[in-house]
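Take a look at the letters that make up each chain.
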Protein chains: 2
Amino acid sequence: MTETQIKGVFCAATTPVNADGAVQHGLFTDHCRALLDEGCHGIAMLGTTGEANNFSIAERQSLLDAALGAGIRGDQLLPGTSSCNIPETIALTKHAVDKGVRACVMLPPFYYKGVSDEGLFRFYASVIEGVADDRLRIILYHIPPVSQIPLSHDLIERLIAAFPDIVVGIKDSFGDLEHMSELVRRFPGFSVLAGADPLMLPLLQAGGAGCITATSNLRADALRVVFDNWKDDTQADLVKAAQDRIVAWRELSNSFVQLPTIKSMVARVRGDDSWMSIRPPLVPVSDAQRETIWAEMARLGQ
Amino acid sequence: MTETQIKGVFCAATTPVNADGAVQHGLFTDHCRALLDEGCHGIAMLGTTGEANNFSIAERQSLLDAALGAGIRGDQLLPGTSSCNIPETIALTKHAVDKGVRACVMLPPFYYKGVSDEGLFRFYASVIEGVADDRLRIILYHIPPVSQIPLSHDLIERLIAAFPDIVVGIKDSFGDLEHMSELVRRFPGFSVLAGADPLMLPLLQAGGAGCITATSNLRADALRVVFDNWKDDTQADLVKAAQDRIVAWRELSNSFVQLPTIKSMVARVRGDDSWMSIRPPLVPVSDAQRETIWAEMARLGQ
């Protein structure tokens, strides 16, 4: 499993839509290219921050095609390919694997609550068997505050044992360092990626593989400084300054509802107010909130 | 709004799949016809009990077509047509309206948690404007234990005010009679339908419109007796016996995980063990559980 280990700073890229909700492909691919220039190793498109579940299957496939068409390489992409049901998860995943993506990030099915590990195992196994492609790599996605479906350590162990070359990592957005460290200890060679930017550094120190995060839409540069230098004692000051910057930007992104707040921040960084738009059930930040956010960004030196 | 009021006993019909997970159209339409014979006014197909979110958009459209093809009338059908995203909810709803269904049962989008009433209003408004068909009737679906997205009274009021001929009712599966009664008091002419079988009787007494329930897969006869006779004091014993039967069967259906338990009960009633199958993340009841359930069914006189 080690040779396929996925390491680095991956951005949970946000997805631009226009005021009518239509996906803005050009704005998205420009953003992805900028993120790679700013230091991201790759783009985890169409995750929670990317509003995947606000888009249809066809829209999601089309956005992946647009990224590839704009010159982003498949090995730079970790798209979210899950839906609540098996056939659509297979369709999204097959499409992504056929396009040569590095790995697919996969939520558990999230409508029914309190489902068993056996049921979740069968879901993932059905998807893997339905995709039936040796190139498939899956990053499990543990985000109980949103999905309400935790992935237990026992389930993860069973999936790795059954599909060791396919189930290669996890995005852990539970927000608890000890939970991630336990994954590192229990599953050597498995890529544990932090879902919260400030936790990437302590996770790397505990043997983790990097991050898939929202603040990297804004501070990929600082995350990359931490990722590249955390082992080097002579760079301790540089790492500390970058980590402080990550923490401050992450805090700012949580000032109001996170996704529209991030979009308002990207709007300012990219100089395009159409980034403010978002699909229901999410709503943009208010004008007053945007002014507060932008003033704080200026204070933080952007 | 009163003239379009939807009243009656509607079955949240369960959906048969084979051991490979493929939808069994013939078994489903036979079940629907039997439910209508047993007393249901209509079939609320593809709801929570019907595993809607375990099926693709294409599978859901195809199952509705199968029901109509088998002679179930559109005005007897209340399909669930929601998904987490607007374009697919529009596609499912347009298809159902074009086929002449009585109404569409619609969950709120259920991935993002803690969303605002404003965001939920925009979601439903976008769907209604996207479908753009005067024939559309919507039954809102309030099931916070599963969706984790409650529909507030203020949101419902705003939707009724904006779309009085379209937003005509609610399936309330919160399980609290007072919550349903408050809906009846606050929104005259709005169809409040109980999501739990034992609550249909007290809801009718409070001015409610009937039910959309799971136990009607098994005891439509008793629900219909209550619905037809609850106002008639001379039939008090008959109504009480039927209500007791509803309560007992409902309790039995909750012995283990509800959906597979109901499927095991339908398997026995319809004499076809293939009804036991269910799609992941749900799993069938064990053989031992099935024996327990079937023994209790025999004791209850089935």
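Residues numbered from 1 in each chain as written. Chains lettered and ligands numbered in written order. Predicted model: local features only at pLDDT ≥ 70, side-chain atom pairs only at ≥ 80, totals over all residues. Heavy atoms only, no water.

Visitor: Help me understand the relation of the copies chain B and chain A in this model?
Guide: Turning one copy of the chain about an axis and sliding it along that axis gives the other copy, so a rotation and a shift relate them. Its rotation angle being 180°, the transformation that places chain B on chain A also includes 0.0 Å of axial translation and leaves an RMSD of 0.0 Å. The two molecules are tied by a two-fold rotation axis, judged by turn and shift. Taken as a fraction of all interface residues of chain B, those also at the interface in chain A reach 100%, which identifies the copy contact as same-surface. (Least-squares fit on C-alpha atoms with pLDDT ≥ 70 in both. Contact = heavy atoms within 4.5 Å.)

Visitor: How should I be thinking about the pattern of salt bridges in this particular structure?
Guide: Side-chain pairs of opposite charge can arise where the charged atoms are in close proximity. Per the counting criterion, the structure on display carries 42 salt bridges over all chains. Here A:Arg135 and A:Asp98 are joined by a salt bridge, their closest N and O atoms 3.2 Å apart. With a gap of 37 residues between them, A:Arg135 in the loop between helix 4 (117–131) and strand 4 (138–142) and A:Asp98 in helix 3 (residues 86–98) connect regions that are remote in the sequence. On the accessibility criterion, A:Arg135 (47% relative accessible area) is partly exposed. Its salt-bridge partner being B:Asp75, residue B:Arg73 comes within 2.9 Å of it at the nearest N-O pair. (Salt bridge = Lys/Arg side-chain N within 4 Å of Asp/Glu carboxyl O. Helix = DSSP H or I, 4+ residues; strand = E, 2+ residues; numbered from the N terminus. Buried < 20%, exposed > 50% of the residue type's maximum accessible area, 1.4 Å probe, protein only.)

Visitor: It is not clear to me how the state of the cysteines should be interpreted in this structure. Could you clarify?
Guide: Per the counting criterion, the structure on display carries zero disulfides over all chains. In this structure A:Cys40 is not part of a disulfide, and its nearest cysteine sulfur, from A:Cys11, lies 4.9 Å away. Here B:Cys84 is not cross-linked by a disulfide; its sulfur's nearest cysteine counterpart is in A:Cys84, at 5.3 Å. Here B:Cys84 falls in the buried class, since its relative accessible area comes to 9%. (Disulfide = S-S within 2.5 Å.)

Visitor: Which parts of the structure should I look at to understand the packing of aromatic side chains?
Guide: The geometry of an aromatic ring pair is captured by the separation of the ring centres together with the interplanar angle, meaning the angle of the planes. Under the criterion given, the structure shown has 11 aromatic pairs over all chains. An angle of 85° between the planes, with centres 6.0 Å apart, marks the rings of A:Phe123 and A:Tyr124 as edge-to-face. A:Tyr124 sits in the buried class, given a relative accessible area of 1%. Measuring from centroid to centroid gives 5.0 Å for B:Tyr111 and B:Tyr112, while their planes differ by 75°, and the two rings are edge-to-face. A relative accessible area of 2% means that B:Tyr111 is categorised as buried. Accessibility expressed as a relative area gives 7% for B:Tyr112, which makes it buried. One aromatic cluster is present, formed by A:Phe110, A:Tyr111, A:Tyr112, B:Phe110, B:Tyr111 and B:Tyr112 through successive ring pairs. Taking the ring centre of B:Trp249 as reference, the NZ or CZ of B:Arg219 above it sits at 4.7 Å. (Phe/Tyr/Trp six-rings, centres within 6.5 Å; stacked < 30°, edge-to-face > 60°. Lys NZ or Arg CZ within 6 Å of the ring centre and 35° of its normal.)

Visitor: Would you mind going over the interface of chain B and chain A with me for this structure?
Guide: How big an interface is tends to be stated in terms of accessible area lost as the parts join. Taken together, the contacts link 42 residues of chain B with 42 residues of chain A. Here chain B meets chain A over a buried area of about 3100 Å², counting both sides, of which 66% is carbon and sulfur. Contact with chain A buries area across many residues of chain B, yet B:Tyr111, B:Tyr112 and B:Pro281 alone supply 26% of it, more than any other trio. The tally of links from chain B across to chain A stands at zero salt bridges. Where chain B meets chain A, there are 12 residue pairs in polar contact (both at pLDDT 80 or more). Elements that contribute at least two residues to the side of chain B that touches chain A include exactly helix 2 (57–69), helix 3 (86–98), helix 4 (117–131) and helix 5 (144–147) of chain B. If you tally residues by element for the side of chain B that touches chain A, the top one is helix 4 of chain B, at six residues. Of the residues contributing to the side of chain B that touches chain A, the split by class is 24 nonpolar, 11 polar and seven charged. (Buried area = accessible area lost by both parts, 1.4 Å probe. Polar contact = N/O pair within 3.5 Å; in protein donor to acceptor, adjacent residues only side chain to side chain. Nonpolar A, V, L, I, M, F, W, Y, C, P; charged D, E, K, R; others polar.)

Visitor: Is there a simple way to think about helix 9 (residues 216–229) of chain B in this case?
Guide: For an α-helix, 3.6 residues make a turn, and residues three or four places apart therefore share a direction. Residues and elements named next belong to chain B. End to end, helix 9 covers just 17 Å across 14 residues, shorter than the expected 20 Å (1.5 Å per residue, more than 12% under). Counting buried positions along helix 9 gives 10 out of 14 residues, so the element sits mostly inside the fold. Taken as a whole, helix 9 has its buried residues at Ser-216, Asn-217, Leu-218, Arg-219, Ala-220, Ala-222, Leu-223, Val-226, Phe-227 and Asn-229. Looking at the packing, one finds that the buried side of helix 9 touches strand 1 (8–11), helix 1 (25–38), helix 8 (200–205), strand 7 (210–213), helix 10 (236–253) and helix 11 (258–270). (Expected span 1.5 Å × (residues − 1).)

Visitor: What is the right way to look at the side chain of B:Lys171 in this model?
Guide: Residues and elements named next belong to chain B. You can see Lys-171 is positioned in strand 5 (residues 167–172). Asp-197 provides the closest opposite charge to the buried, salt-bridge-free Lys-171, at an N-O distance of 8.5 Å. Beyond its immediate sequence surroundings of up to four residues, Lys-171 is in contact with Ala-12, Ile-139, Leu-140, Tyr-141, His-142, Leu-193, Gly-195 and Ile-212. (Lys, Arg positive; Asp, Glu negative; His and termini not counted.)

Visitor: Is there a simple way to explain the sheet that holds strand 5 (residues 167–172) of chain A in this structure?
Guide: Strand pairing in a sheet relies on backbone hydrogen bonds, with the paired strands running either antiparallel or parallel. Residues and elements named next belong to chain A. Strand order in this open sheet of seven strands is 2-1-7-6-5-4-3, and the pairing throughout is parallel. The two strands at the open ends of the sheet, each matched to only one other strand, are strand 2 (42–43) and strand 3 (104–106). Here four bridges tie strand 1 (residues 8–11) to strand 7 (residues 210–213), and the two strands are oriented parallel to one another. Bridging from a neighbouring strand, Cys-11 pairs with Thr-213 of strand 7. (Pairing = 2+ DSSP bridges.)

Visitor: Explain the packing of helix 1 of chain B against helix 2 of chain B here, please?
Guide: When two helices pack together, their arrangement is given by the angle between the helix axes and by the axis-to-axis distance. All names here are of chain B. Running from N to C, helix 1 and helix 2 cross one another at 55°; their axes reach a closest spacing of 9 Å. Taken together, the axes of helix 1 and helix 2 are oblique relative to one another. The handedness of the crossing between helix 1 and helix 2 is right-handed. Contact residues: His-25, Phe-28 and Thr-29 in helix 1; Ser-62, Leu-63, Ala-66 and Ala-67 in helix 2. Considered class by class, the residues forming the contact of helix 1 with helix 2 number four nonpolar, three polar and no charged. (Axes fitted to C-alpha atoms, helices over the stretch in contact; angles between N-to-C directions. Parallel < 35°, antiparallel > 145°, perpendicular 65-115°, else oblique. Left-handed = near helix turned anticlockwise from the far one by under 90°.)

Visitor: What should I look at first to understand the sheet that holds strand 1 of chain B in this one?
Guide: All names here are of chain B. An order of 2-1-7-6-5-4-3 is seen for the seven strands of this open sheet, with the pairing classed as parallel. Of all the strands in the sheet, the pair left with one neighbour each is strand 2 (42–43) and strand 3 (104–106). Taken together, the five bridges between strand 4 (residues 138–142) and strand 5 define a ladder with parallel strand orientation. Within strand 5, the residue paired with Ile-139 across the bridge is Gly-169.

Visitor: How do you make sense of helix 1 of chain B when you look at a structure like this?
Guide: All names here are of chain B. The end-to-end C-alpha distance of helix 1 is 20 Å, a good match for the 20 Å that 14 residues give at a rise of 1.5 Å each. By the burial criterion, the buried members of helix 1 are Leu-27, Phe-28, Thr-29, His-31, Cys-32, Ala-34, Leu-35 and Leu-36. Tucked into the core, helix 1 has its buried residues touching strand 1, strand 2, helix 2, helix 9 and helix 11. Count one or two residues on from helix 1 and you reach Gly-39, which has phi positive near 130°.

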